[in-house]
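# Analysis of the macromolecular model
Listed below are the residues making up each chain.
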Amino acid sequence: MRTICAVVLAFEVIVIGLAVPVAIQISDHPPALAGGVWGGLAFAALVLAFLQRRRWGFYAACVLQGLLLLSGFLVDGLLFLGVVFVGLWVAGVLLGRRTDAMQAAYAAHQAGQAAASGPSVTGEPGAPRPS
């Protein structure tokens, strides 16, 4: 799950960074405000993409999604992008959890098969046991 979430955040960095000139040109926000708000969000997304290995990094990225969505109320077109990325984030979390569960089940199945075959006489893993 963490890998998928990190990829979503990496794409967000690009899109949020491109939101700075949009906010300046379309909504006539001062460059300092646009750079501070959306530049800060882009930087936070970049840092959090690398911190997805940590539990708190995941939750901080969830908060970032909410902040991105709220910042969309300052610029109309960004509200749509906020909704899109929140949707991608939710899909990434759900699909990531499903993938993690499948990987854990596969690892448990492999461990069960290795335990059922027992130790080999020759010492090689997976070697057939003599009858």
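### Topic: the side chain of Gln52
Tracing the sequence through the fold places Gln52 in the loop between α2 (31-50) and α3 (55-71). Among the polar contacts made by the side chain of Gln52, one reaches the main-chain carbonyl oxygen of Gly57 at a distance of 3.2 Å. Among all residues touching Gln52, those that are not within four sequence positions of it are Arg2, Cys5, Ala6, Leu9, Gly57, Phe58, Ala61 and Trp89.

### A closer look at the packing of aromatic side chains
Tallied over the full model, the rule gives 2 aromatic pairs. Seen in terms of ring centroids, Phe58 and Tyr59 are 5.2 Å apart; in terms of plane orientation they differ by 70°. Their pairing is edge-to-face. Between the aromatic rings of Phe58 and Trp89, the centroid separation amounts to 5.8 Å while the plane-to-plane angle is 20°, which identifies the pairing as stacked. One end of the pair, Phe58, is in helix α3; the other, Trp89, is in helix α4 (residues 76-117), with 31 residues separating them in the sequence. Both residues of the pair, Phe58 and Trp89, count as buried. Here the aromatic cluster, defined as three or more aromatic residues joined through ring pairs, consists of Phe58, Tyr59 and Trp89.

### Comments concerning empty space enclosed by the protein
Applying the stated criterion to the full structure yields 1 cavity of 30 Å³ or more. Looking at the largest cavity, its volume works out to about 50 Å³. Mapped by element, the contributors of at least two residues to the lining of the largest cavity are α1 (2-25) and α4. Looking at the lining of the largest cavity, the element that brings in the most residues is α4, giving 4 residues.

### A closer look at a nonpolar patch on the surface
Taken together, the side chains of Val7, Phe11, Ile14 and Leu18 make up a nonpolar region of the molecular surface, amounting to roughly 410 Å² of accessible area. Summarising the element assignment, Leu18 is placed in helix α1. Judged by its relative accessible area of 56%, Leu18 falls in the exposed class.

### Let's talk about unusual backbone geometry
Of note in the backbone geometry, Asp28 takes a positive phi value of approximately 55° without being a glycine. With respect to the element layout, Asp28 can be found in the loop between α1 and α2.

### Overview of α1
Here α1 contains 24 residues, and its C-alpha end-to-end distance of 35 Å stays within 8% of the 34 Å for a straight helix at 1.5 Å per residue. Taken residue by residue, α1 has Cys5, Ala6, Val8, Leu9, Glu12, Val13, Ile16, Ala19, Val20 and Ala23 as its buried positions. On its buried face, α1 sits against α2, α3 and α4.

Procedures and definitions
- Residues numbered from 1 in each chain as written.
- Predicted model: local features only at pLDDT ≥ 70, side-chain atom pairs only at ≥ 80, totals over all residues.
- Heavy atoms only, no water.
- Helix = DSSP H or I, 4+ residues; strand = E, 2+ residues; numbered from the N terminus.
- Polar contact = N/O pair within 3.5 Å; in protein donor to acceptor, adjacent residues only side chain to side chain.
- Contact = heavy atoms within 4.5 Å.
- Phe/Tyr/Trp six-rings, centres within 6.5 Å; stacked < 30°, edge-to-face > 60°.
- Buried < 20%, exposed > 50% of the residue type's maximum accessible area, 1.4 Å probe, protein only.
- 1 Å grid on protein atoms, 1.4 Å probe; cavity = no way out; pocket = protein on both sides within 12 Å on 5 of 7 lines; lining within 4 Å.
- Points joined across faces, edges and corners; volume = space filled by probe spheres on them.
- Patch = residues over 30% accessible without salt bridge, like charges linked within 9 Å, V, L, I, M, F, W, Y side chains within 5 Å.
- Areas by Shrake-Rupley, 256 points an atom, 1.4 Å probe, with all protein chains shown as cover.
- Salt bridge = Lys/Arg side-chain N within 4 Å of Asp/Glu carboxyl O.
- Expected span 1.5 Å × (residues − 1).

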